[in-house]
Amino acid sequence: MATSGTTTFNLDLNNLVEEAFERCGAELRSGYDLRTARRSLNLLLLEWANRGLNLWTLDQGQVSLVTGQALYPLPEDTVDLLDTVIRQYPGTNNQIDINITRIAEPTYVTIPNKLVQGRPIQLWVNRQSGVSYTTTATLDGGISASDTTISVTDASVLPSSGFIKVGNEVISYPNITGNDLVNCARGQNGTTAAAHLTGATITRQNLPCVYVWPTPNAPEAQYTLIYYRMRRLQGAGEGGTFEQDIPFRFLPCLVAGLAFYLSQKVPEGAQRMAMLKQEYEQQWQLAADEDRDKSPVRFVPRNMMYTR
């Protein structure tokens, strides 16, 4: 008996939604059915980010630290950072990774001098939404590509530190004095520093970011922040032929979860809701138990002696 010889089975959006509707005892009949299922699927994927670590969403990234700069942006789709180190002398034979301790916001707030310079040993992860807002503030005077003090018409509409976008450039600022953003870092988040005219619109950027302490005391490229992050899952997409941003192991869980979500919206699914929820939770547990690091763990006791 011959086998197919392929191991690439997957479900595109159309087939995924059809399977979920059938489990509810209904059929996919209209464009609205597909649209409401796509909306439910996107909400389901967001729920997965809250359920815990999804190993296939881990990305490694790095940020070159700049002398005297405390605030650095992260990619907009960052959910959280998992592990971080400071790499000193990257790319050389003397390269070394040094532990940096993650602290909470209350601890960072109580640091008396946040701009003191040295080798960074602590960082605070500010888990912002990544959403942008157009503000009523505009540039109060033109700026060159190298200006680090930026005057705005109304700084009260901005947080005390953070990011703004002017044109195509993202700018970080750690402090505000009056209506001046001071000690700005230009060309952040992969953008390029540029000149801007007075009256230019200012967009508030709620980017996920990190604050390091102390601020680097060495030339650029001597300290690099290396991090492993959990990113957001990609959305369901507008086309019915898209496959989902999950490994094949999670397909049964995804179908079961979507069926449960749809059972709350279609009349045929009301009587099956409890059963579909139970199946979803069972499939999630199976998938989550499999999606783990299987490396061995060794615990070494630490013996300490005290003498008088």
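Residues numbered from 1 in each chain as written. Predicted model: local features only at pLDDT ≥ 70, side-chain atom pairs only at ≥ 80, totals over all residues. Heavy atoms only, no water.

Structural notes on the sheet that holds strand β18 (residues 223–231)
Each strand in a sheet pairs with its neighbour through backbone hydrogen bonds, running either in the same direction (parallel) or in the opposite one (antiparallel). Spatially, β1-β18-β3-β4 is the arrangement adopted by the 4 strands of the open sheet, whose pairing is antiparallel. Of all strands in the sheet, those with a lone pairing partner are β1 (58–64) and β4 (96–99), marking the two edges. Taking each pair of neighbouring strands and ignoring which way they run, the sheet shows an average axis angle of 35°. Judged from the 9 bridges that link them, strand β3 (residues 78–88) and β18 form a sheet pairing that is antiparallel. Bridging from a neighbouring strand, Ile-86 pairs with Leu-225 of β18. (Pairing = 2+ DSSP bridges. Helix = DSSP H or I, 4+ residues; strand = E, 2+ residues; numbered from the N terminus. Axes fitted to C-alpha atoms, helices over the stretch in contact; angles between N-to-C directions.)

A closer look at the packing of helix α4 (residues 251–263) against helix α5 (residues 273–290)
In contact at an axis separation of 8 Å, α4 and α5 are set at 155° when each is read in the N-to-C sense. Comparing their axes, α5 and α4 come out roughly antiparallel. Seen from above, α4 lies across α5 with left-handed handedness. In this structure, α4 uses Pro-252, Cys-253, Ala-256, Gly-257, Ala-259, Phe-260 and Ser-263 to contact α5, whose residues at the interface are Met-273, Leu-276, Lys-277, Glu-279, Tyr-280, Gln-283, Trp-284 and Ala-287. Its residues placed into classes, the contact of α4 with α5 shows 10 nonpolar, 3 polar and 2 charged. (Parallel < 35°, antiparallel > 145°, perpendicular 65-115°, else oblique. Left-handed = near helix turned anticlockwise from the far one by under 90°. Contact = heavy atoms within 4.5 Å. Nonpolar A, V, L, I, M, F, W, Y, C, P; charged D, E, K, R; others polar.)

Regarding the nonpolar core
Leu-41, Leu-44, Trp-48, Leu-254, Leu-258 and Tyr-280 are the most contacted members of the largest nonpolar core, which has 34 residues in total. Elements supplying a minimum of two residues to this core: α1 (13–23), α2 (31–51), α4 and α5. When residues of this core are assigned to their parent elements, the largest contribution, 10 residues, is made by α4. (Core = buried A, V, L, I, M, F, W, Y, C linked by side-chain atoms within 4.5 Å. Buried < 20%, exposed > 50% of the residue type's maximum accessible area, 1.4 Å probe, protein only.)

Brief notes about the environment of Thr-36
Relative to the helices and strands, Thr-36 resides in helix α2. On the accessibility criterion, Thr-36 (8% relative accessible area) is buried. Separated by 142 residues in sequence, Thr-36 and Gly-178 have C-alpha atoms that sit 48 Å apart.

Let's talk about the pattern of salt bridges
Under the defined criterion, the tally for this structure stands at 16 salt bridges. For Arg-231, the salt bridge goes to Asp-59, with nearest N and O atoms at 3.8 Å. Taken together, the positions of Arg-231 in strand β18 and Asp-59 in strand β1 put the pair 172 residues apart, joining distant regions of the chain. With a relative accessible area of 27%, Asp-59 lands in the partly exposed category. In this structure, the salt-bridge partner of Arg-87 is Asp-97, at a minimum N-O distance of 2.7 Å. Placement of Arg-87 in strand β3 and of Asp-97 in strand β4 is noted, with a sequence separation of 10 residues between them. For Arg-87, a relative accessible area of 18% gives the class buried. Assessed through its relative accessible area of 40%, Asp-97 is described here as partly exposed. Members of the salt-bridge network, linked through shared partners, are Asp-59, Asp-77, Arg-229, Arg-231 and Asp-245. (Salt bridge = Lys/Arg side-chain N within 4 Å of Asp/Glu carboxyl O.)

Focus: α1
Of all the residues in α1, the buried ones are Leu-13, Leu-16, Val-17, Ala-20 and Phe-21. Along α1, the residues classed as buried sweep out an arc of 130° about the axis, all on the same side. Along its buried surface, α1 packs onto α2 and α4. Just downstream of α1, Gly-25 is the residue with a positive phi angle, here 80°. (Arc of directions from axis to C-beta.)

Here's the deal with the pairing of β18
For β18, a buried count of 8 out of 9 residues is recorded, marking the element as mostly surrounded by other parts of the structure. Sheet topology note: the β1/β18 ladder contains 7 bridges and is antiparallel. Bridge pairing in β18 links Gln-60 to Tyr-228.

Focus: α5
Compared with the 26 Å implied by 1.5 Å per residue over 18 residues, the 26 Å span of α5 between its first and last C-alpha is a close match. Here α5 has its buried residues at Leu-276, Tyr-280, Gln-283, Trp-284 and Ala-287. What you see down the axis of α5 is that its buried residues fit within an arc of 105°, all on one side. Among the exposed residues of α5, those pointing more than 90 degrees away from its buried face are Ala-274, Gln-278 and Leu-286. In this fold, the buried residues of α5 make contact with α1, α2 and α4. (Expected span 1.5 Å × (residues − 1).)

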